[in-house]
Amino acid sequence: MSSGYTDLCRHSGVPRQIVAPSLSRRTQPLLPLPLLVGVQERYHAPGLAAVTVGLYTAGFAAMMPITGRLVDRHGGRAILRIWLILALIALLGTSAALTLAVPTPVLLSGVTILGMCLPPVGAVTRAGWPLLIPPAQLRTAYALDTVINEAATTTGPLLAALPLSILPAPLALLTVFLPITVGSLGLPAAVLDSARRANRRPAREPQSRRVILTYGITFCASLGAGSLVATAGLLAAEAEEPSIAGVLLAAAAIGAVTAGTIAGRHHLHQDALTSRLVGFAMAITAAFIVLVLVLGLSALGQSRGGAANIVTLAALYLVLGTLTGPRDALLQLSIVLVARPAQRSTSFSWLGTCGLLGFGFGSAVSGLVGNTLGHHLLPAAIASGVALALSGSMPRTNASRPQPPLPL
């Protein structure tokens, strides 16, 4: 670990701030596989299985801003404990519904409620970093947070396969309770006890505009991520080589984790945040355009399954990973720089909701456009261009007062 991360861990509470989310972030990727397998085994309906996972994700996304607001008003400790109890009840109910093969409307209602009952550990964690460390180390913290999230997303489905190999799907679903519990109870006391009453004064326009633009960039960025994942699966299916999807997604994950880790070691003034976001947006847009062209030429040459083409695609996925990892950390930093302390959890909750909605929309539209126009990644390329325009419209942070340097 570099000296920047070592210095970060010397602050009281930071080790717990790292360990608890490292486990809890696996909840979201751990749940879909048992749900898919359980619904398929009990109802023998692949379409219903996909809808089930979609409703679970939609419930989680819709509830995040509400739980974030509650955290800002009443503190993380109370809300996380209440939602932990609700999550346990919802998990038991969903497990029973799968076991008994209840009517479809009951099942769909249950998984939606399950998503709504997941504790808002992510929002509490991200809002809590400024309470533990000085401003100069926030960039390092959010770079590490991004790496943790990427690693959890990558390893979650792999870990979900372990209980499924020895337990029925309804029981495998209950293993998710462990990371939920650790995440809800394991955060530092300073973060859990940070109850704040919302400041009712209107936000300054530059700050409000910056937050909204950050949400828009996050939606576009997540649309691209969802399109990348869907495209990897679609290419694997078309080539009748399932391993292709694993190779491409592994390349993107390696790039994101590596670049995200390195990004936390460098410093720059926060006034340069906007220009850095624009730079990443330009590079990501160019990479998507190149990838669209490569896929187009590949389709014309009917060489989609060739070894050389797979290497090229993997290299481009790796490049996109190295760009999106640091960019995602900057988006979190953009929120924490301007969101009022009394609204940080709410702001980060909306950021998460935009991310989930963008990912789901990107996955769906990638398949639709690919089937009609033959270009799976065309929506991602367009979304990256929109993100570039939004990044260029981002207002500068307030430079009229002295600002501490922030790592980048």
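About the cut-offs
Residues numbered from 1 in each chain as written. Predicted model: local features only at pLDDT ≥ 70, side-chain atom pairs only at ≥ 80, totals over all residues. Heavy atoms only, no water. Phe/Tyr/Trp six-rings, centres within 6.5 Å; stacked < 30°, edge-to-face > 60°. Helix = DSSP H or I, 4+ residues; strand = E, 2+ residues; numbered from the N terminus. Buried < 20%, exposed > 50% of the residue type's maximum accessible area, 1.4 Å probe, protein only. Contact = heavy atoms within 4.5 Å. pLDDT = per-residue confidence, 0-100. Patch = residues over 30% accessible without salt bridge, like charges linked within 9 Å, V, L, I, M, F, W, Y side chains within 5 Å. Areas by Shrake-Rupley, 256 points an atom, 1.4 Å probe, with all protein chains shown as cover. Salt bridge = Lys/Arg side-chain N within 4 Å of Asp/Glu carboxyl O.

For any pair of aromatic rings, the description rests on two quantities: the centre-to-centre distance and the angle between the ring planes. Under the definition given, this model contains two aromatic pairs. A ring pair is formed by Tyr142 and Phe348, whose centres lie 5.9 Å apart and whose planes are at 25°; its orientation type is stacked. On the criterion of sequence distance, the pair formed by Tyr142 in helix H9 (residues 138-166) and Phe348 in helix H17 (residues 344-373) is long-range, its members being 206 residues apart. Of the two residues examined, Tyr142 and Phe348, each falls in the buried class. When the centroid spacing of 6.2 Å and the interplanar angle of 35° are considered together, the rings of Phe219 and Phe361 count as tilted. Of this pair, Phe219 sits in helix H13 (residues 205-239) while Phe361 is found in helix H17, placing the two residues 142 residues apart along the sequence.

Of note, Ala101 is a non-glycine position whose phi angle comes to about 50°, a positive value. Position of Ala101 among the secondary structure elements: in the loop between helix H6 (76-100) and helix H7 (104-116). Note on Ala101: relative accessible area 35%, which makes it partly exposed.

A word on the environment of Leu323. Turning to its location among the elements, Leu323 is positioned in helix H16 (residues 307-338). A C-alpha to C-alpha distance of 6.4 Å links Leu323 and Phe280, two positions 43 residues apart in sequence. Those residues in contact with Leu323 that lie beyond four places of it in its chain are Phe280, Ala283, Ile284 and Ala287.

Attention shifts here to the confidence of the model for the protein. Within the protein, residue pLDDT values average 82, and 86% of them lie at 70 or more. Scored below 50 in pLDDT, residues 303-308 makes eleven contacts in the model with residues more than four places away or belonging to other chains. Here residues 398-408 is a poorly scored stretch, pLDDT under 50, and it has 37 contacts once near neighbours within four places are set aside; other chains count.

Now for a nonpolar patch on the surface. A surface patch of nonpolar side chains, amounting to about 280 Å² of accessible area, comprises Ile166, Leu167 and Leu171. Structurally, Ile166 is set in helix H9.

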